[in-house]
Amino acid sequence: MTSRRGHAGKRQTGRGQIERRLVVALSALSIVASGVSVPKVALAQDDAPSLIRDTEIEEILHHDADPIFAAAGLDPRNVRILIVGDKSLNAFATQGLQMGLNTGLILQTENPNQLRGVIAHETGHLAGGHPIRSDEMMRAGLKPMILTMGLGILAALAGSPDGGAALIANSQYAGALGALGYSREQESRADQAGAGFLEATGQSGRGLVEFFDNFRYQEVFDQARRYAYFRSHPLSSERIEVLRSRVERQPHYSAVDTPEDIAQHEVMKAKLEGFINPQVALMKYKETDASFPARYARAIAYYQMKDPDRSLKLIDGLIANNPDNPYLWELKGQVLFEFNRIALAEEPQRKSVALKPDAALLRVNLGQTLINLNDPAKVEEGVKELKRSLLNEPDNTVAWRLLAQAYDKQKKDGEARLATAEQYFSLGAIREARVFAMRARELLPKDTPDWRRATDIVLASRPSNQDLKDLAKDGAVQSNLGR
């Protein structure tokens, strides 16, 4: 799995600063999770929630969700799915067309239809505008959560990943998600809307009922003992029965998941289990199980348990049977890179990009490897790969950070400062972005595209009166305002 920004191409234009900062903060959590710049999966330290970036899993989730989004009248390209690395069973919908799915919830679903049922329910909230109408979100302290998360992110970037993770762990995450709770009336409306979206896409609503039924007993627990999902989405027997009555009357109630969809669901769960719970994965996916998901899970689990040779042997076997799978090549490159076999990581990462050229995260992985090779030509190629990734994901903070490192190696101080300014600007760290952008302007040739971009960042980052005076000295303010 990969890091930041998300499969998720994701410009947050015109949605308001609060929503944008929430998405940016969550997306940046993956930086905290690993000492490696672009981990395949960003995992949480000390149980702190993290945002997981993985092209393969994101692709599977969008395959499940996009028809539902379209049935709800939403443009799938505008809906962002956040994969939250947290073992608790939870999902949420929030402002700016953001939907979060905890890994704990994904792993609890038994089949694609159950997961799609949850997605359909959360889509009901998005389409109904429930998050926007809820004043409860702000009252629950969203702003303090974001500020604390931001401090944690900055601590991690400054070289203290443990301190950053600790700050983020205390960022009122649970409280903020609790603030995403909805009234019982809204829950019922989301149930009914979700059932309609599933029917409109030719799918059964059975999975949503099954999912709720599996946790029916949660309604008898007090708030502290309930799963997080059912604290924010209050469940009742009456609600389940009303939903059951609706879906059983729908024409597609008997529809079943296709074998291909079931296989993809199992691959996603196996991959998550291997990364997040490697010891559990080895017990669940025994050596005698020769299926693709089982071998995949074991390969990842051994890698996570610091046994790269055993992992690579399994990966090579999987590649021999599936030579055109870009994610297997990506995993091989990741294992080699993270165990300091950087030169050997280049070939599999090139292969993954060749097989999936539009995947920005795969290019970030390749760019990272190239800039870590002691070859100026490779570093220059790495810069090009990182720039290409940023064309698809221009707010990918990891790509900007790596680009700054590459420019430092090339002694391009102005470009390095500008890349760092872009990194902080994407994080919403406005003050830091302004500081680095001002420094970049001093080092870059005047009136070049990079110099003008640095000026734009300053102007967009609440410049002080002194900053404006400095800009006015060389005509920057006038020239930019006149564009």
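Cut-offs applied
- Residues numbered from 1 in each chain as written.
- Predicted model: local features only at pLDDT ≥ 70, side-chain atom pairs only at ≥ 80, totals over all residues.
- Heavy atoms only, no water.
- Pairing = 2+ DSSP bridges.
- Helix = DSSP H or I, 4+ residues; strand = E, 2+ residues; numbered from the N terminus.
- Axes fitted to C-alpha atoms, helices over the stretch in contact; angles between N-to-C directions.
- Buried < 20%, exposed > 50% of the residue type's maximum accessible area, 1.4 Å probe, protein only.
- Expected span 1.5 Å × (residues − 1).
- Core = buried A, V, L, I, M, F, W, Y, C linked by side-chain atoms within 4.5 Å.
- Contact = heavy atoms within 4.5 Å.
- Phe/Tyr/Trp six-rings, centres within 6.5 Å; stacked < 30°, edge-to-face > 60°.
- Lys NZ or Arg CZ within 6 Å of the ring centre and 35° of its normal.
- Parallel < 35°, antiparallel > 145°, perpendicular 65-115°, else oblique.
- Nonpolar A, V, L, I, M, F, W, Y, C, P; charged D, E, K, R; others polar.
- Salt bridge = Lys/Arg side-chain N within 4 Å of Asp/Glu carboxyl O.
- Left-handed = near helix turned anticlockwise from the far one by under 90°.

S.K.: Give a description of the sheet that holds strand β3 (residues 91-94) that names residues and reports values.
M.R.: Judged by pairing direction, the sheet is mixed, and its four strands sit side by side in the order β1-β2-β4-β3 without closing on themselves. Strands with a single pairing partner mark the edges of an open sheet, and in this sheet they are β1 (50-52) and β3. Taken over all neighbouring pairs, the strand axes of this sheet differ in orientation by 30° on average, direction set aside. Relative to strand β2 (residues 80-85), β1 is paired through three bridges, and the arrangement is antiparallel.

S.K.: Now, about the pairing of β2: what can you tell me, with residues and values included?
M.R.: In terms of burial, β2 is largely enclosed, as six of its six residues are buried. Neither face of β2 is open: one carries R80, L82 and V84, the other I81, I83 and G85, and all of them are buried.

S.K.: Go over helix α10 (residues 184-200) with me, naming the residues and quoting the values.
M.R.: For α10, built from 17 residues, the straight-helix expectation of 24 Å at 1.5 Å per residue is met to within 8% by its first-to-last C-alpha distance of 24 Å. All buried positions along α10 are accounted for by Q186, E187, A190, D191, G194, A195, F197, L198 and E199. Within two residues after α10, G202 carries a phi angle of roughly 75°, on the positive side.

S.K.: I'd like a description of the nonpolar core, backed by residues and values.
M.R.: Judged by nonpolar contacts, the single largest core of 38 residues is most densely connected at L61, F69, I106, I119 and M268. The biggest single contributor to this core is helix α2 (residues 55-71), with six residues. With near-sequence residues (within four places) excluded, L61 lies in contact with I81, I83, L101, I106, L115 and M268.

S.K.: Help me get a handle on the packing of aromatic side chains, residues and values and all.
M.R.: For the structure on display, the rule yields five aromatic pairs. An angle of 50° between the planes, with centres 5.3 Å apart, marks the rings of F292 and Y296 as tilted. You can see F292 and its partner Y296 sitting in helix α16 (residues 292-304), four residues apart, about one turn around the helix. Counting every residue linked through ring pairs, the aromatic cluster contains F275, Y303 and F339. Here the guanidinium or amino end of R206 rests over the ring plane of Y253, the centre of that ring lying 4.3 Å away. The ring of F425 carries the charged tip of R453 above its face, separated from the ring centre by 5.8 Å.

S.K.: Hey, could you go over the packing of helix α4 (residues 112-127) against helix α14 (residues 259-276) for me, with residue numbers and the actual values?
M.R.: Helix-helix packing is described using two parameters, namely the angle between the two axes and the distance between the axes. Direction vectors running N to C along α4 and α14 enclose 80°, while the axes themselves pass 9 Å from each other. Put simply, α4 runs roughly perpendicular to α14. Between α4, through P112, L115 and R116, and α14, the contact on the second element is made entirely by D261, I262, H265 and M268. Of the residues contributing to the contact of α4 with α14, the split by class is four nonpolar, one polar and two charged.

S.K.: Got a sec to walk through the pattern of salt bridges? Specific residues and values, please.
M.R.: Summed over all chains, the structure comprises 25 salt bridges. Residue R53 is joined to E58 by a salt bridge in which the shortest nitrogen-to-oxygen separation is 2.4 Å. There is no split in this pair, since R53 and E58 are both buried. In this structure, D213 engages R244 in a salt bridge whose closest nitrogen and oxygen atoms are separated by 2.8 Å. Here D213, found in helix α11 (residues 206-214), pairs with R244, found in helix α13 (residues 237-248); they are 31 residues apart in sequence, far enough to count as distant. By relative accessible area, which is 27% here, D213 ends up partly exposed. Sharing partners across several salt bridges, the network here consists of E346, R350, K378 and E381.

S.K.: Which residues make up the packing of helix α17 (residues 308-321) against helix α18 (residues 326-338), and what are the values?
M.R.: Here α17 crosses α18 at 160°, and the two axes come no closer than 10 Å. As far as their axial angle goes, α18 and α17 are roughly antiparallel. In this structure, the crossing between α17 and α18 has a hand that is left-handed. Note on element contacts: α18 touches α17 through L328, W329, L331, K332, V335 and L336, opposite P308, S311, L312, I315, D316, L318 and I319. Considered class by class, the residues forming the contact of α17 with α18 number ten nonpolar, one polar and two charged.

S.K.: Tell me about helix α19 (residues 342-355), residues and numbers included.
M.R.: For an α-helix the count is 3.6 residues per turn, leaving residues at separations of three or four pointing the same way. The end-to-end C-alpha separation of α19 is 20 Å, in line with the 20 Å expected for 14 residues at 1.5 Å each. Buried positions along α19 lie against α18, α20 (360-371) and α21 (376-392).

S.K.: Talk me through the pairing of β3; I want residue IDs and the actual numbers.
M.R.: It is a general feature of regular strands that their side chains alternate between the two faces of the sheet. Burial along β3 is two-sided: the face carrying A91 and A93 and the face carrying F92 and T94 are both buried. What sits between β3 and strand β4 (residues 98-102) in their antiparallel hairpin is a turn of three residues, with G96 showing a positive phi close to 80°.

S.K.: Tell me what's going on with unusual backbone geometry, and back it up with residues and numbers.
M.R.: Even without being a glycine, N340 presents a positive backbone phi close to 60°. Mapped onto the secondary structure, N340 falls in the loop between α18 and α19. One non-glycine residue, K411, adopts positive backbone phi at about 65°. Secondary-structure assignment places K411 in the loop between α22 (397-409) and α23 (413-427).

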